[in-house]
Each structure stands twice: as C-alpha cells, then as structure tokens.
Amino acid sequence: AQSVTQLDSHVSVSEGTPVLLRCNYSSSYSPSLFWYVQHPNKGLQLLLKYTSAATLVKGINGFEAEFKKSETSFHLTKPSAHMSDAAEYFCVVSAGNAGNMLTFGGGTRLMVKP
Amino acid sequence: SQTIHQWPATLVQPVGSPLSLECTVEGTSNPNLYWYRQAAGRGLQLLFYSVGIGQISSEVPQNLSASRPQDRQFILSSKKLLLSDSGFYLCAWSINSGGYGYTFGSGTRLTVV
C-alpha cells in the first residue's frame, strides 16, 4: 500500500520569497515520486520526478525537490516565487505496482502575493 | 513525440443524459491509459485504468464505464448522468513499465444540470 500526505492545503507567499510545499509519503516498495502542477481548468504538468537516482531533483521553472528516505519526505522548493507560480501542486507516489498507478496527495494551493 | 488529446474541453449535460468522453494518444504503442476525476476543491480520484485493448480495471463503483476499443483510444461513458458526476475529468497515459509518471490530457469540465 502507498499513500501521500501534503501537509498544507494552502500556502501563501510574497513574490520573490522562497516557496516550500511539504509532502510525506509511505510505500511498501522503493517508490518513484513526482510533483505535478495544475493551473485553473488545465491538465496536470509534470514538474519533476525522482526515480532512485540523485536525491536532489531539479525540475522546470526553477523548482526542485529533495528525496529524504529517513524522513519519508519529498518537499518541493523554489528560491524565489513568481506570480505565474500560483497554481495547485500535487505530490504523487508510484510504487511500480500493477498498472503503474499513481497515488496523489490532496494538493496544495499556492498563492503568490505581489 | 507523444501527444494526448482529450475532448470536449467543456460539457454541460442534463441529469439522466448519456455521456461519452474520448481520449487518444499519439506517438507511442501499448500505453497504460487512465481516467481520473477531480471534484471541486478535492484531489484526483482514479476511476479506470487499462493496460491493453479491452482490458479495463475499475477503481471506484459508480455509474460510469470505460472502454478501450483501440490501442491508443480510451473512452469514458455513462448511460444516465447524475448530478454527482460533475467534475473535471482527466485522461492520462504512461509507458507500460516503471515509475515514470503520467502525461495528462488537458481535461474536460463536465457540469451536470
């Protein structure tokens, strides 16, 4: 079994300040982990993924995430928020089980204030 | 390169009417295909997935059904829509092995009135 918990349903930051979106996971297998972003009424776009290579993963738009096995965490960060970063973010785990299915966290809505 | 097409983008249907949402993938063979629903203010719920033609697995009991008549075509249907079927429906595909994540379609906003 696997699960994902996004610790904050809403995060609000000012433009130019750092972003931290927290994610904890549980998995019976060696997981693959992903962050997706969804802008209003749009599909989901892959930001970055961890698949057992380097624990610090760099993604698009300046985002990165660090896989910490001891803490079962995969937090998403960005040094400086931009207005266009305002969106919903989903942390996702895949344990490579039947059907290659993903388990989604509940999402974190990021608001960026000018 | 691979692309995924999902249509229509928006749909307003009366209660009790039928539904057909279509999703097609190009540029790959034998993909895993998925239908997700996202209700307002909530996360994503896996409805169906398919690992091959004619192979459909259902994750949540409901009045929806899915079919895969061709390798790269995935259809979500209902004979009679309920108000609770309103939501944002997303189709996705992945390669048939490993944890490489999904590529999502642009979604269909369904409003049942």
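Counting from 1, residues in each chain are numbered in the order their sequence is written. As they are written, the chains are lettered A onward and the ligands numbered 1 onward, keeping that order. pLDDT decides what is reported in this predicted model: residues at 70 or higher carry local features, side-chain atom pairs at 80 or more are listed and counted, and totals for whole chains, interfaces and linings draw on all residues regardless. Calculation of side-chain values draws on the structure's entire complement of heavy atoms; hydrogens and water are dropped beforehand.

### Concerning the state of the cysteines
All names here are of chain B. Note the following rule: Here, two cysteine sulfur atoms that lie within 2.5 Å of each other are counted as a disulfide. Note on conventions: DSSP H or I runs of at least 4 residues are helices, E runs of at least 2 residues are strands, and numbering of each starts at the N terminus. Note on classification: 1.4 Å probe, protein chains only; a residue is buried when its accessible area is under 20% of the maximum for its type, exposed when over 50%, partly exposed between these limits.
As enumerated under the stated definition, the model contains two disulfides over all chains in all. In this model, Cys-23 is linked to Cys-91 through a disulfide, with the two sulfur atoms separated by 1.9 Å. One disulfide, between Cys-23 and Cys-91, carries an S-S torsion of -75° and so falls in the left-handed class. In this pair, Cys-23 is assigned in strand β3 (residues 19-26) and Cys-91 in strand β9 (residues 87-94), connecting sequence segments 68 residues apart. Cys-91 matches Cys-23 in its accessibility class, with the two residues each being buried.

### Regarding the interface of chain B and chain A
Here is the rule we go by: Between two residues, a contact is recorded if the distance between any of their heavy atoms is within 4.5 Å. Whenever a carboxyl oxygen of Asp or Glu lies within 4 Å of a side-chain nitrogen of Lys or Arg, that contact is scored as a salt bridge. For the purposes of these results, a polar contact is taken to be a pair of N or O atoms within 3.5 Å, where, inside protein, one atom must be able to donate a hydrogen and its partner to accept one; residues adjacent in sequence count only when each atom of the pair is a side-chain atom. Throughout this entry, Asp, Glu, Lys and Arg are counted as charged residues, while Ala, Val, Leu, Ile, Met, Phe, Trp, Tyr, Cys and Pro are counted as nonpolar. The remaining residues, Gly among them, count as polar.
The interface of chain B with chain A comprises 24 residues on the first partner and 19 residues on the second. The interface formed by chain B and chain A includes zero salt bridges. Where chain B meets chain A, there are three residue pairs in polar contact (both at pLDDT 80 or more). At the level of elements, β4 (32-38), β5 (44-52) and β9 of chain B are the ones that each hand at least two residues to the side of chain B that touches chain A. Of the residues belonging to the side of chain B that touches chain A, the class tally is twelve nonpolar, ten polar and two charged.

### Regarding unusual backbone geometry
In this model, Trp-7 of chain B is joined to Pro-8 of chain B through a cis peptide bond whose omega is 0°. Summarising the element assignment, Pro-8 of chain B is placed in the loop between β1 (3-7) and β2 (10-13). A positive phi angle is found at Thr-72 of chain A, which is not glycine, with a value near 45°. With respect to the helices and strands, the residue Thr-72 of chain A is situated in the loop between β8 (64-68) and β9 (73-78). Among the residues examined, Thr-72 of chain A registers a relative accessible area of 32% and is labelled partly exposed. Phi at Asn-30 of chain B is positive, roughly 50°, even though this residue is not glycine. Note on placement: Asn-30 of chain B falls in the loop between β3 and β4.

### A closer look at the environment of Ser-58 of chain B
With respect to the helices and strands, Ser-58 of chain B occurs in strand β6 (residues 55-58). Judged by its relative accessible area of 46%, Ser-58 of chain B falls in the partly exposed class.

### Here's the deal with the confidence of the model for chain A
The following threshold applies: One number per residue, pLDDT, summarises how confident the predictor is, and it ranges from 0 to 100.
Mean pLDDT over chain A works out to 89, with 95% of the residues at or above the 70 mark. At the low end of the mean pLDDT range in chain A sits strand β11 (residues 102-104) of chain A, at 83; at the high end sits strand β3 (residues 19-21) of chain A, at 98.

### Looking at the pattern of salt bridges
Residues and elements named next belong to chain B. Counted under the stated rule, the structure contains six salt bridges over all chains. Taking the shortest distance from any N to any O, the salt bridge between Asp-85 and Arg-37 comes out at 3.7 Å. Taken together, the residues Asp-85 in the loop between β8 (73-78) and β9 and Arg-37 in strand β4 connect sequence positions 48 residues apart. By relative accessible area, Arg-37 is classed as buried at 13%. Two residues, Asp-71 and Arg-68, come together in a salt bridge whose shortest N-O distance is 3.2 Å.

### Some thoughts on the nonpolar core
Quick reminder of the rule: Working definition of a nonpolar core: buried Ala, Val, Leu, Ile, Met, Phe, Trp, Tyr and Cys residues. They are joined through side-chain atoms within 4.5 Å.
In terms of nonpolar packing, the biggest core is built from 26 residues, with Trp-35, Leu-48, Phe-74, Leu-76 and Tyr-89 of chain A touching the most fellow members. Looking at this core, the element that brings in the most residues is strand β10 (residues 87-94) of chain A, giving four residues. Aside from chain neighbours lying at most four places away, what touches Phe-74 of chain A is Cys-23, Leu-33, Phe-34, Trp-35, Leu-48, Tyr-50, Ala-65, Glu-66, Phe-67 and Cys-91 of chain A. Among the nonpolar cores identified, the runner-up in size contains 19 residues, and Ile-4, Phe-74, Leu-110 and Val-112 of chain B belong to it.

### Re the pairing of β9 of chain A
Residue and element names in this part refer to chain A. How we decide: Note on pairing: two strands pair once DSSP finds at least 2 bridges between them.
Relative to β9, β3 runs antiparallel, the two being bridged by three bridges. The residue bridging Leu-20 from the neighbouring strand is Thr-77, located in β9. With five bridges joining them, β8 and β9 adopt antiparallel strand pairing. Directly across from Glu-64, in β9, lies its bridge partner Thr-77. Connecting β8 to the antiparallel partner β9 that follows it, the hairpin turn spans four residues, and Thr-72 within it adopts a positive phi of roughly 45°.

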